[in-house]
Number of protein chains: 2
Amino acid sequence: MGNAVLYMSMSVDGFIAGPNDGPDNGIGDGGSRLHDWFGMEAEISHLDAVARLSGVNRDVMDEVMATGAVVTGRRTFENAGGWGGDHHDGVPIFVLTRREPDATLQWPAVTYVSDVKDAVRMAKEAAGDKDVLVHGAVTARLALAAGALDELQIHLVPVLLGQGRRLFEDMPPGHIELEPVRAFGGPGVQHLRYRVRQAG
Amino acid sequence: MGNAVLYMSMSVDGFIAGPNDGPDNGIGDGGSRLHDWFGMEAEISHLDAVARLSGVNRDVMDEVMATGAVVTGRRTFENAGGWGGDHHDGVPIFVLTRREPDATLQWPAVTYVSDVKDAVRMAKEAAGDKDVLVHGAVTARLALAAGALDELQIHLVPVLLGQGRRLFEDMPPGHIELEPVRAFGGPGVQHLRYRVRQAG
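For clarity, every value in this text was computed on a predicted model and none was experimentally measured.

(A) The arrangement of the overall build of chain A in detail. The helix and strand tally for chain A stands at five helices and 11 strands. Considered along the principal axes of its C-alpha atoms, chain A spans approximately 45 × 35 × 30 Å. Split into buried and exposed, the 200 residues of chain A put 54% on the buried side. Just so you have it, chain A exposes about 8,400 Å², and 48% of that area is on carbon and sulfur atoms. The distance from the centre of the 18 positive side-chain charges to the centre of the 27 negative ones in chain A is 4 Å.

This is how it looks when you write it as structure tokens:
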């Protein structure tokens, strides 16, 4: 079975979106700065952006696109318009939510799940040997708390956003030890990968 | 003139101390995890800890100990017992505070200053060609906001502390661009150095 890997771009001060993020402002005010390394512009899809990358940044995004299933938070999913129902290659998308699914955000590959452990288990089964892409701050916290996250791949962007939505906030007390797996820098970003080891 | 460089150990989730930090609990509950890489134990001084290090971690701490002056926040200073009035080599220590100095924390090398720009300017003058060690979260924020911080040296510790005191919090809106200067990993820590470039 593959690993459940969180992939998130984060500023040095810990933000994954600017203030006032929402469906019409996916990554918040000024938050697009976090995607500069990725060449993500408003008018192109993330697939087109990946195709333009080279070097280390391309390698990392190729890993993302080689995952066999997606587990995402409801907010992340809605802010991205559900990726039109296809994040990449039509792989299954498991959306974590406790609310009723939105009728306008229904696609064959999309399944709404209320429990993070169930979501990760279903995604791993669907992904087979491949890794599972985990995305979203709340989902990351829930998965960490449930012991369901295997690795963190943080794309650390050299900027202080100052304000916005944090990746890690309102976490329970108690340390979670990480094991650095690799670290390398691409243009405009440092890719830090950790294995989740244990709660302290 | 040298640079004003913030040196801080920070968890991957952005904390520089555990909860309930104070004069009798300098780095907060469980916060000593952040100093494990540094070999800092309660019964030894930071100078003794440095002397035991080797490799990359020693190189970084040798840089810290080669600075020609210190600018520190009042809380950091008090939580460390004022380092007995001598952080290293008797270099001048400028303590940022808006309160009346504590009569028990007075030493010849220690000067209390109310304005962060004044503190950094005085420290740079005292340090001559050497860099200035900047320490403390509030001091870092004030120095960044005042445009008085030249570089950040973050010792990123592979742990999620979950709760505690953040390095970056309550920052004003507006991006501050950083330029990665170098990044390397030592045992139990990644040393990330950035040049402060501009406010966005």
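(B) Looking closely at the relation of the copies chain B and chain A. Mapping chain B onto chain A is achieved by rotating through 180 degrees and translating by 0.0 Å along the same axis, at an RMSD of 0.0 Å. Look at the turn and shift together and you get a two-fold axis relating the two. Taking C-alpha positions as the reference, the residue of chain B nearest the rotation axis is Gly-14 of chain B, at 3.2 Å. Of the residues that chain B buries at the interface, 100% are likewise interface residues in chain A, meaning the two copies contact each other through the same surface.

(C) Highlighting helix α2 (residues 55–65) of chain A. Taken together, the buried positions of α2 of chain A are occupied by Asn-57, Val-60, Met-61, Val-64 and Met-65 of chain A. Here the buried residues of α2 of chain A occupy an arc of 140 degrees about the axis, which is enough to place them on one side.

(D) Fine view of the pattern of salt bridges. Per the stated rule, a full pass over the model turns up 28 salt bridges over all chains. Of the charged contacts in the structure, one is a salt bridge between Arg-165 of chain B and Asp-21 of chain B, with a shortest N-O distance of 3.0 Å. With Arg-165 of chain B in strand β9 (residues 165–166) and Asp-21 of chain B in the loop between β2 (15–17) and α1 (46–52), this pair connects stretches of sequence that are 144 residues apart. Asp-150 of chain B serves as the salt-bridge partner of Lys-124 of chain B, at 2.8 Å between the closest nitrogen and oxygen. Taken together, the residues Lys-124 of chain B in helix α4 (residues 116–127) and Asp-150 of chain B in the loop between α5 (137–145) and β7 (151–157) connect sequence positions 26 residues apart. The two residues Lys-124 of chain B and Asp-150 of chain B agree in class, both being buried. Put simply, Glu-63, Asp-131, Glu-151, Arg-182, Arg-193 and Arg-195 of chain A are held in one network by salt bridges that share partners.

(E) Region of the structure containing the pairing of strand β7 (residues 151–157) of chain A. Residue and element names in this part refer to chain A. Of all the seven residues making up β7, seven are buried; the element is thus mostly covered by neighbouring parts of the structure. The side-chain alternation of β7 yields two buried faces, one formed by Glu-151, Gln-153, His-155 and Val-157 and the other by Leu-152, Ile-154 and Leu-156. The sheet contact formed by strand β1 (residues 4–11) and β7 spans seven bridges and is parallel. Among the inter-strand pairings, Ser-9 is bridged to a residue of β7, identified as His-155.

(F) Spotlight on the environment of Leu-156 of chain A. Position of Leu-156 of chain A among the secondary structure elements: in strand β7. Expressed as a C-alpha distance, the spacing of Leu-156 of chain A and Leu-34 of chain A, which sit 122 residues apart in the sequence, is 8.6 Å. Apart from the residues within four sequence positions on either side, Leu-156 of chain A is in contact with Met-10, Ser-11, Val-12, Val-189, Gln-190 and Leu-192 of chain A together with Leu-192 and Tyr-194 of chain B.

Cut-offs applied
Residues numbered from 1 in each chain as written. Chains lettered and ligands numbered in written order. Predicted model: local features only at pLDDT ≥ 70, side-chain atom pairs only at ≥ 80, totals over all residues. Heavy atoms only, no water. Helix = DSSP H or I, 4+ residues; strand = E, 2+ residues; numbered from the N terminus. Buried < 20%, exposed > 50% of the residue type's maximum accessible area, 1.4 Å probe, protein only. Areas by Shrake-Rupley, 256 points an atom, 1.4 Å probe, with all protein chains shown as cover. Lys, Arg positive; Asp, Glu negative; His and termini not counted. Charge placed at Lys NZ, Arg CZ, Asp CG, Glu CD. Least-squares fit on C-alpha atoms with pLDDT ≥ 70 in both. Contact = heavy atoms within 4.5 Å. Arc of directions from axis to C-beta. Salt bridge = Lys/Arg side-chain N within 4 Å of Asp/Glu carboxyl O. Pairing = 2+ DSSP bridges.

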